[in-house]
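# Chains, contacts and geometry: an overview
Each chain is listed here by its residues.
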Amino acid sequence: MLSYRKGLGDMPSYDVVERPWEIKINANECNMNLPPLVEDRLMARFSHVAFNRYPNEEYDLLREQIADNFSLQKENVMLGSGSSEIIEKLFYAFGGSGEQKIVFPDPSFSMYPIYAKAAEAAAVPVVLDGEDYHLDAEQFVKAVKEAKASLAVVCNPNNPTGNGMKVSEIESIAQNIDCAFLVDEAYIEFYGQSAAGLLRKYPNLIVARTFSKAYGLASARVGYMLASKEITEMVSKAYMPYHMNVLSLVTADIVYQMRHEYVPRIQMMIAERKRMSEQLKTLAGFKVYPSETNFVLVKYERAAELNAYLESKGIGIRSFGSKPGLVNCLRISMGTREENDLWFDAIKVFTEGRA
Ligand SMILES: Cc1ncc(COP(=O)(O)O)c(C=O)c1O
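Keep in mind the model is a prediction, meaning the values are calculated, not measured. (Residues numbered from 1 in each chain as written. Predicted model: local features only at pLDDT ≥ 70, side-chain atom pairs only at ≥ 80, totals over all residues.)

## A few points about the overall build of the protein
For the protein, the helix and strand inventory stands at eleven helices and 13 strands. Over its C-alpha trace the protein gives a radius of gyration of 21 Å, about what one expects of a compact globule, namely 20 Å for 355 residues. Across its three principal directions, the C-alpha atoms of the protein cover 60 × 55 × 55 Å. Long-range pairs, those at least 24 residues apart, make up 72% of the contacts in the protein with a sequence separation of at least 6. (Helix = DSSP H or I, 4+ residues; strand = E, 2+ residues; numbered from the N terminus. Rg over C-alpha atoms; globule rule 2.2 N^0.38 Å. Contact = placed C-beta atoms within 7 Å.)

Okay, here's the thing in C-alpha cells:
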C-alpha cells in the first residue's frame, strides 16, 4: 500500500488549463522570445559551459550582478528556480506548524495558500473588496498583528487583479509589523514602483522578483530574492545544494547584463495593456479593472460561456469560474499586437451575439 504524507491527497494543485493554444494568453508570460542580440550572446556563452562541474561560479556571478544593481552585497541575494521556489522556501522557513501564521491578500497569487499548506503553516487570507481590490494597509497590519504572523505577504502589482500599491503604503505596513514581510514583485517591471529601496531601512523586508515575465525567461525558471544577510542565510538552509542548473544561470546572467535590450519591449507590453484595456471598456457588460502589469482582469456575466467560445477558437485565457472574490472574472495576458487584435475581435463577435 502506498502511504503518502498526511494531507497530501487534499492538497490543491495549480489549475491552469494547458493545451497547444493558437493564442496563449493564460499565464502572463512574455509574448516574445529572446531578443536576437541576447540570443547570439547566449549561444556563444553556452559553448563555454563547464557541464562537468557544479555551478558554483555561475551562481555567484549572477548574485553579484544583481546585488550590484541594488547596491547590495551578494549575501543579500538568493536565487531560485523561478520566484516560485523562493516563495515556497520562504513559506517553509517561516512555517512548520499551525502556530506559524502566514498572512496574504485574497484574491492574489493562487499558490500562496498552497505553499502555506505545504509548509504546514496556517494561512490567514485578508479579503480584498471586489469593487477595486484595493489592499487597505491598516487592515492588513491589523490582520498581521492579530494573527501574530510569522510571515506577511503582499503581491505588488497584484496577480490576478492587476492593481498596484504605492511604495508609501508598503512602507506603512513595513513600519508597523515586526515579522518577515515579503513583497512579491513578479510584475514590477511593468509598474516601476519597487519596495527594493526600503530594504536597508526595514531588515525584515524581503523582495522577490522573477525573470519569467518582463524578461521572457519562463522556461529557464529563474527568480531571486533580496533580503538581509540573516534572512538569506536562514532561508538557504531550506534549499538543496546546487538547486539551479548552469544553463538557467548563464541565461539569466546574460539577460541581466543585457536588460536594456528589454526596455522597448516592456514599454510595448505596457502600451498594449493600455490599448487593450481601453478597447475592452467599449464592450457592453464588461468591467475592466485597472492594471499595472502585462495582463488585464475583466468581469463579465457570461464569462464561462465566453471562455468556452474562446477555447473553441484556440484562444487560452485564464478563467476563474466561481472562485470566491473572482466570480465571472477572466484574466487576459497581453500577446503580440496581432494576437491582441485577434482575441479582441473574437470577444467582440461573442458579445455582439455574432458567434
Ligand atoms: C505573483 C506571482 N508571483 C510569483 C510567480 C512565480 O513565477 P516564477 O516561478 O515563474 O518566477 C508568479 C507566476 O505567475 C506570479 O504571478
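## Digging into the sheet that holds strand E10 (residues 295-299)
Strands sit in the order E9-E10-E13-E12 across an open sheet of four strands; the sheet is antiparallel. The outermost strands of the open sheet, each flanked by one partner alone, are strand E9 (287-288) and strand E12 (318-319). Note: E10 against strand E13 (residues 329-333), five bridges, orientation antiparallel. Bridge pairing in E13 places Phe295 opposite Ser333. (Pairing = 2+ DSSP bridges.)

## Quick notes on the nonpolar core
Judged by nonpolar contacts, the single largest core of 101 residues is most densely connected at Leu90, Phe91, Ile102, Leu151 and Ile206. Ranked by the residues each element gives to this core, the list is headed by helix H3 (residues 82-94), at six residues. Two domains each provide a minimum of three residues to this core, namely domain 1 (23-33 + 262-351) and domain 2 (36-257). Each residue touching Ile102, except ones within four places of it in the same chain, is listed here: Phe91, Phe94, Gly95, Ala116, Ala121, Ala123, Val124, Ala149, Ser150, Leu151 and Val153. (Core = buried A, V, L, I, M, F, W, Y, C linked by C-beta atoms within 7 Å. Buried ≥ 20, exposed ≤ 12 C-beta atoms within 10 Å, placed from the backbone. Domains from an automatic or database assignment.)

## Things to note about the pairing of strand E5 (residues 151-155)
The buried fraction of E5 is high, at five of five residues. Neither face of E5 is exposed, since Leu151, Val153 and Cys155 on one face and Ala152 and Val154 on the opposite face are all buried. The sheet contact formed by E5 and strand E6 (residues 180-184) spans five bridges and is parallel. By the bridge assignment for E6, Val154 is matched with Val183. In this fold, the crossover linking E5 to E6 by way of helix H6 (residues 167-176) has right-handed handedness. (Right-handed = clockwise from strand over helix to strand, strands pointing away.)

## Side note on the site of the ligand
Lining the immediate surroundings of the ligand are 13 residues, of which Gly82, Ser83, Ser84, Thr210 and Ser212 lie closest. When residues in the shell around the ligand are grouped by element, the largest group, three residues, is from H3. (Near = placed C-beta within 6 Å.)

## Details of unusual backbone geometry
Looking along the chain, the bond that leaves Asp106 and enters Pro107 is cis, with omega of 5°. Within the secondary structure, Pro107 is located in the loop between strand E3 (101-106) and helix H4 (111-118). Positive phi, normally seen in glycine, also occurs at Ser71, with a value near 55°. Within the secondary structure layout, Ser71 lies in the loop between helix H2 (56-69) and strand E2 (77-80). The backbone phi angle of Arg221 is positive, close to 60°, even though this residue is not glycine. Turning to its location among the elements, Arg221 is positioned in the loop between strand E7 (205-210) and strand E8 (223-226).

From the geometry alone we can't say anything about function, so treat these as descriptive.
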